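Listed here are the chains, written in short residue letters.
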Amino acid sequence: VQLQASGGGLVQPGGSLRLSCAASGNIFRINDMGWYRQAPGIERELVAVITSGGSTNYADSVKGRFTISRDNAKNTVYLQMTSLKPEDTAVYYCKMNILRVDWWSNDYWGQGTQVTVSS
């Protein structure tokens, strides 16, 4: 199983970006999907998570600005980020809890994508 994240980049304060993360491999089912971020010198933190049933949870710092969604047919999770602030600058990682066809369940991480918010 592999996760491939994309969509990061440089954006001005107040701008928007959409991150995507697609899973591939011997996947039977994907449970929770989430986005985390890590800024220099700071521990990795949860940004948003979405369950298989579509329930969502967000860090207080991004509520009302970020939206997480998923496309189960494409094994993909998205993070729509709006009203971006310099403090959102970080490497963003996706994580999925995946049940493989051989019935092995584990958490898998994407490779990280850099988001930089600066004028």
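Reading guide: rules and limits
- Residues numbered from 1 in each chain as written.
- Predicted model: local features only at pLDDT ≥ 70, side-chain atom pairs only at ≥ 80, totals over all residues.
- Heavy atoms only, no water.
- Disulfide = S-S within 2.5 Å.
- Helix = DSSP H or I, 4+ residues; strand = E, 2+ residues; numbered from the N terminus.
- Buried < 20%, exposed > 50% of the residue type's maximum accessible area, 1.4 Å probe, protein only.
- Core = buried A, V, L, I, M, F, W, Y, C linked by side-chain atoms within 4.5 Å.
- Contact = heavy atoms within 4.5 Å.
- Salt bridge = Lys/Arg side-chain N within 4 Å of Asp/Glu carboxyl O.
- Pairing = 2+ DSSP bridges.
- Axes fitted to C-alpha atoms, helices over the stretch in contact; angles between N-to-C directions.

Attention now goes to the state of the cysteines. Here, disulfide denotes a covalent bond that connects the sulfur atoms of two cysteines. This structure, assessed with the given rule, holds one disulfide. Here C21 pairs with C94 through a disulfide, and the sulfurs are 2.0 Å apart. Here the disulfide of C21 and C94 is right-handed, its torsion about the S-S bond being about 55°. Here C21 is found in strand 3 (residues 17-24), whereas its partner C94 is found in strand 9 (residues 90-100), with 73 residues between them in sequence. Taken as a pair, C21 and C94 share a single burial class, namely buried.

Now for the nonpolar core. Formed by 32 residues in total, the largest nonpolar core has its most connected members in W35, V77, L79, M81, Y92 and M96. Going through the elements one at a time, strand 1 (2-6), strand 3, strand 4 (27-38), strand 5 (45-50), strand 7 (66-71), strand 8 (76-81), strand 9 and strand 11 (113-117) are the ones with two or more residues in this core. Tallying contributions element by element places strand 9 first for this core, with five residues. Excluding residues within four positions of it along the chain, L79 makes contact with L17, R18, L19, W35, V47, A48, F66, T67, I68 and Y92.

In this section: the environment of G9. Assignment of secondary structure puts G9 in strand 2 (residues 9-11). Assessed through its relative accessible area of 25%, G9 is described here as partly exposed. Note: C-alpha distance between G9 and G64 (55 residues apart in sequence) is 21 Å. With near-sequence residues (within four places) excluded, G9 lies in contact with L17, Q114, V115 and T116.

Right, let's talk about the pattern of salt bridges for a bit. Overall, the coordinates contain six salt bridges when judged by the stated rule. With a shortest N-O distance of 3.0 Å, D88 and R37 are connected by a salt bridge. Residue D88 is located in the loop between strand 8 and strand 9, and its partner R37 is located in strand 4; the two are separated by 51 residues in the primary sequence. In this pair, the class of D88 matches that of R37, namely buried. One salt bridge in this structure joins K95 and D107, with 3.9 Å as the shortest N-O distance. Here K95 is found in strand 9, whereas its partner D107 is found in strand 10 (residues 105-109), with twelve residues between them in sequence. What makes D107 partly exposed here is its relative accessible area of 36%. A cluster of three or more residues bridged by salt bridges with shared partners is formed by R37, E45, R65 and D88.

All right, on to the sheet that holds strand 3 then. Taken together, the four strands give an open sheet; going across it, the order is 1-3-8-7, and neighbouring strands pair in antiparallel fashion. Pairing within the sheet leaves two strands with one partner each, and these edge strands are strand 1 and strand 7. Along the sheet, successive strands turn relative to each other by an average axial angle of 15°, direction set aside. For strand 1 and strand 3, the ladder comprises five bridges, and the chain directions are antiparallel. Across the sheet, the residue bridging to Q2 is S24, located in strand 3.

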